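Tertiary structure, described
One letter stands for each residue in the lines below.
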Amino acid sequence: MTGPIAQEMRQLLEAAFAPTRLDVINDSASHAGHMGDDGTGESHFTIEIESAAFTGVSRLQRQRLVNAALGDIPGQRVHAIAIKARAPGE
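Residues numbered from 1 in each chain as written. Predicted model: local features only at pLDDT ≥ 70, side-chain atom pairs only at ≥ 80, totals over all residues. Heavy atoms only, no water.

Details of the overall build of the chain
When its secondary structure is counted, the chain shows two helices and three strands. Moving toward the C terminus, one meets the helices and strands of the chain in the order α-β-β-α-β. Across the 90 residues of the chain, 30% fall into the buried class. When contacts within the chain are restricted to residue pairs at least 6 apart in sequence, those whose partners lie at least 24 apart make up 65%. Within the structure as shown, the chain displays about 5,200 Å² of accessible surface, and the carbon and sulfur contribution to it stands at 51%. (Helix = DSSP H or I, 4+ residues; strand = E, 2+ residues; numbered from the N terminus. Buried < 20%, exposed > 50% of the residue type's maximum accessible area, 1.4 Å probe, protein only. Contact = heavy atoms within 4.5 Å. Areas by Shrake-Rupley, 256 points an atom, 1.4 Å probe, with all protein chains shown as cover.)

Following this line, the structure appears as structure tokens:
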């Protein structure tokens, strides 16, 4: 089952980028007991997203766009998010 933060991230990213592929992967179990593990089971994520919105956009700018779309989630409500953002065909 997907937790509420993962669902919220999915909704925000779908609205912002109309992705052709989107995976929000909860990595929190791999970090249990480590720094940033707040016990909620939703502290660490990997986002794999493919969208035409990333065509011609640098890797750094893609990361910034995704973080901006997620609002206060990165760094405040979630400890760590790894982002793999691609344009179609990459």
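Concerning the environment of Ile47
Positionally, Ile47 belongs in strand β2 (residues 44-50). Every residue in contact with Ile47, bar those within four places of it in the chain, is listed here: Met9, Leu13, Leu22, Asp23, Leu70, Ile81, Ala82, Ile83 and Lys84.

Details of the packing of aromatic side chains
Applying the stated criterion to the full structure yields one aromatic pair. Look at Phe17 and Phe54: their rings are 5.0 Å apart centre to centre, the planes differ by 40°, and that puts the pair in the tilted class. In this pair, Phe17 is assigned in helix α1 (residues 4-17) and Phe54 in the loop between β2 and α2 (59-69), connecting sequence segments 37 residues apart. Here Phe17 matches Phe54 in class, with each residue buried. (Phe/Tyr/Trp six-rings, centres within 6.5 Å; stacked < 30°, edge-to-face > 60°.)

Some words on the pattern of salt bridges
Pairing between side chains becomes possible if they bear opposite charge and their charged atoms approach one another. Going through the model one piece at a time under the given rule, you end up with seven salt bridges. A salt bridge links Asp23 to Arg21; its shortest N-O distance comes to 2.9 Å. Across the pair Arg77 and Asp72 runs a salt bridge, and its minimum N-O distance is 3.0 Å. Classification of Arg77 by relative accessible area gives partly exposed; the value is 31%. When its relative accessible area of 36% is taken as the criterion, Asp72 is described as partly exposed. (Salt bridge = Lys/Arg side-chain N within 4 Å of Asp/Glu carboxyl O.)

Some thoughts on the environment of Gly75
Locating Gly75 in the fold gives a position in the loop between α2 and β3 (80-86). Taking the C-alpha atoms as reference, Gly75 lies 9.7 Å from Ser43; in sequence the two are 32 residues apart.

Quick notes on unusual backbone geometry
One non-glycine residue with positive phi stands out, namely Ala18, at about 45°. One can find Ala18 in the loop between α1 and β1 (21-26). Given a relative accessible area of 60%, Ala18 falls into the exposed group.

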